[in-house]
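Secondary and tertiary structure notes
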Amino acid sequence: MKDLIKLSAEVADALQAGAPIVALESTIITHGMPYPANLEMARGVEALIRAEGAIPATIAVIDGELRVGLDDADLEALAQATTVVKASGRDLAAVMVRKQTAGTTVSATMRLAELAGIEIFATGGVGGVHRGAEQSFDISADLTELGQTGTTVVCAGVKSILDIPKTLEVLETQRVPVIAYGSDDFPAFFTRSSGLKADHRLDSVEEIAQAMILHRALGSQTGILIANPIPEADALDPSFIDGTIDDAVAEADASGVTRKELTPFLLAKINELSEGRSLKANIALVRNNAAIAAKIAVAHARFRAEKG
Ligand code: PSU
Ligand code: MN
């Protein structure tokens, strides 16, 4: 399987050496943020991971090739691309055959990280159960992938574009541990609390790295969701952002946007309605997640080396 993936030289060396690596998704670049903020975010996040002593591995499909570890020209091309596919795990084979370029969602990125041998992945928000899913059945493949792929995903919780209680129920059904970092509450992306408790709280990156090792040792083949609240200083006012999200969801309903177009539509609409405040918060929380993920990766690599 590894032959299917083109690793950058740096990522290949890091894997060989057992050095800490953090995987990064690319749908956030191609469909989650506008240019040029997306490029700045992608570059900034890679730099932060390096500053923590880990190697960043941004994952995407470029001209049909599965790539793990991109160079700056790749990042720039992805950030500017206009006709690029949004690929979840199930889309990869067809995209490869058609030699297309695709941003990989959380589900596709987990799949490719696992094939490459990378255990930790940082992003902003994962997909989940959409509001009204009892009618639309719109539940992100990110949740089912978390139920079957052993990657640890560091996110800032999920946004209230989703039905957060139902998302937590599906994560439970999928046997995915939900661990909040330094908080009792499950965060809601733009705000530090969704009003719901996370299943577990861990207060240090060492404890999280230990939990990863134990989860595997127990034979659990699911991912782990680490929910890292947005820093206080970057959090948005809950009533402001909730109102904005309600308006965006109403516009999506009115214009009949569904399926894979729905999440990108909502993200762009929230950015427009919040006059850029959501984008600023989004960038801040992704950076925060990347830094924590890198620290977890460093601790995890150290524990693995100690255990031999
Ligand atoms: N949520 C965000 N930003 C994003 C996404 C979700 O705040 O960029 C992207 C991620 O790539 C995620 C995908 O995996 O959307 C989920 O899409 P869907 O809801 O169609 O499954
Ligand atoms: Mn969907």
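Keep in mind that what you see is a predicted model, and the values were worked out from it rather than measured.

Thresholds, definitions, all that
Residue indices begin from 1 for each chain and proceed along its sequence in written order. Whichever chain is written first becomes A and whichever ligand is written first becomes 1, with later ones labelled in order. Thresholds applied to this predicted model are a pLDDT of at least 70 for local features of residues and 80 or more for the giving and counting of side-chain atom pairs; totals over whole chains, interfaces and linings are not thresholded and use all residues. The side-chain quantities take in all heavy atoms of the structure and omit both hydrogens and water. UniProt positions are given in the numbering used here, feature names are shortened, and annotations may be inferred rather than shown by experiment. With a 1 Å grid laid over protein atoms only, a set of points is called a cavity when a 1.4 Å probe fits there but cannot get out and a pocket when it is open yet has protein on both sides within 12 Å along at least five of seven lines; lining residues have an atom within 4 Å of a point. Under the DSSP-based scheme used, a helix requires at least four consecutive residues in state H or I and a strand at least two consecutive residues in state E, with every element numbered from the N terminus. Should any heavy atoms of two residues lie within 4.5 Å, those residues are considered in contact. Per-residue accessibility, obtained with a 1.4 Å probe over protein chains only, is compared with the maximum for each type, and a residue is labelled buried under 20%, exposed over 50%, and partly exposed between these values. Grid points are joined across faces, edges and corners, and a volume is the space filled by probe spheres set on the points. Throughout this entry, Asp, Glu, Lys and Arg are counted as charged residues, while Ala, Val, Leu, Ile, Met, Phe, Trp, Tyr, Cys and Pro are counted as nonpolar. The remaining residues, Gly among them, count as polar. For this analysis, a nonpolar core means a set of buried residues of the types Ala, Val, Leu, Ile, Met, Phe, Trp, Tyr and Cys, connected via side-chain atoms within 4.5 Å. Taking the helix axis as origin, the arc is that swept by the directions to the C-beta atoms. Any pair of N or O atoms that falls within 3.5 Å is considered a polar contact. Within protein, one atom must be able to donate a hydrogen and the other to accept it, and sequence-neighbouring residues count only if both atoms are side-chain atoms. Any residue with at least one heavy atom within 4 Å of a molecule or strand is counted as near it. All accessible-area figures derive from a Shrake-Rupley calculation using a 1.4 Å probe, and residue coverage is judged against the displayed protein chains alone.

Some details on the UniProt feature "active site" (unreviewed entry) in the protein chain
The residues that UniProt annotates with the feature "active site" (unreviewed entry) are E25 and K159. In this structure, the largest cavity is lined, among the annotated residues mentioned, by E25. Inspection of the secondary structure puts E25 in the loop between strand 2 (21-24) and helix 2 (27-32). Excluding anything up to four places from it in sequence, E25 contacts T58, I59, T104, T105, V106, T109, F121, A122, T123 and G125. Position of K159 among the secondary structure elements: in the loop between strand 8 (152-155) and helix 9 (164-173). Note on K159: relative accessible area 8%, which makes it buried.

Some thoughts on the UniProt feature "binding site: substrate" (unreviewed entry) in the protein chain
As recorded in UniProt, the sites labelled "binding site: substrate" (unreviewed entry) are K86, V106, S140, A141 and D142. What stands out for the annotated residues spanning 57 residues is how close their C-alpha atoms remain, the widest pair being 13.0 Å apart. Within this annotated set, the largest pocket is lined by K86, V106, S140, A141 and D142. Assignment of secondary structure puts K86 in strand 5 (residues 85-87). Every residue in contact with K86, bar those within four places of it in the chain, is listed here: T27, H31, D91, G103, T105, K260, T263 and P264. With respect to the secondary-structure elements, S140 resides in the loop between helix 7 (133-136) and helix 8 (141-146).

Things to note about empty space enclosed by the protein
Throughout the structure, instances matching the rule amount to 2 cavities of 30 Å³ or more. Put simply, the largest cavity is a space of about 80 Å³. What lines the largest cavity is simply L24, E25, I28, I29, M41, A42, V45, T58, A122, T123 and V286. When residues of the lining of the largest cavity are traced back to their parent elements, those giving at least two are helix 2 and helix 3 (37-51). Sort the elements by how many residues they give to the lining of the largest cavity and helix 3 lands first, with 3 residues. In the lining of the largest cavity, the residues fall into 8 nonpolar, 2 polar and 1 charged. Approximately 50 Å³ is the volume found for the second largest cavity. Taken together, E119, G150, T151, T152, M212, H215, R216, T222, G223 and I224 form the lining of the second largest cavity. Top contributing element to the lining of the second largest cavity by residue count: helix 10 (residues 205-217), with 3 residues. For the lining of the second largest cavity, the per-class residue count stands at 2 nonpolar, 6 polar and 2 charged.

Observations regarding the layout of surface pockets
Taken as a whole, the largest pocket holds about 1,100 Å³ of empty space. A total of 5 residues in the lining of the largest pocket trace back to one element, the largest contributor, which is helix 12 (residues 262-273). For the lining of the largest pocket, the class distribution of residues is 16 nonpolar, 18 polar and 11 charged. By volume, the second largest pocket amounts to about 220 Å³. Lining the second largest pocket are 22 residues, and of these H31, G32, M33, P34 and A268 lie nearest its centre. For the lining of the second largest pocket, the secondary-structure elements that each account for two or more residues are helix 2, helix 4 (72-80), helix 12 and helix 13 (277-307). The element that contributes the greatest number of residues to the lining of the second largest pocket is helix 12, accounting for 5 residues. Across the lining of the second largest pocket, the residue classes break down as 13 nonpolar, 8 polar and 1 charged.

Quick word on the nonpolar core
By size, the foremost hydrophobic cluster in this structure holds 97 residues, and its most contacted members are I118, F186 and L225. For this core, the element with the highest residue contribution is helix 13, accounting for 10 residues. For L225, the contacting residues outside a window of four places in its chain are V126, L146, V153, C155, L171, V176, P177, V178, I179 and F186.

Some remarks on helix 4
Along helix 4, the residues classified as buried are D74, L75, L78 and A79. Looking straight down helix 4, one finds that the buried residues subtend no more than 130° of arc, so they occupy a single side. Where helix 4 starts, the residue carrying a side-chain oxygen 3.1 Å from the main-chain nitrogen of A73 turns out to be D71.

Let's talk about the site of ligand 1
Among the 15 residues in the neighbourhood of ligand 1, the closest are listed as E25, K86, S140, D142 and K159. Contacts to ligand 1 include E25, whose side-chain N or O atom sits 2.6 Å from an oxygen atom. Note that an oxygen atom of ligand 1 is positioned 2.7 Å from one of the side-chain N or O atoms of T263. Protein chains shield 92% of the accessible area of ligand 1, which is 470 Å² for the free molecule.

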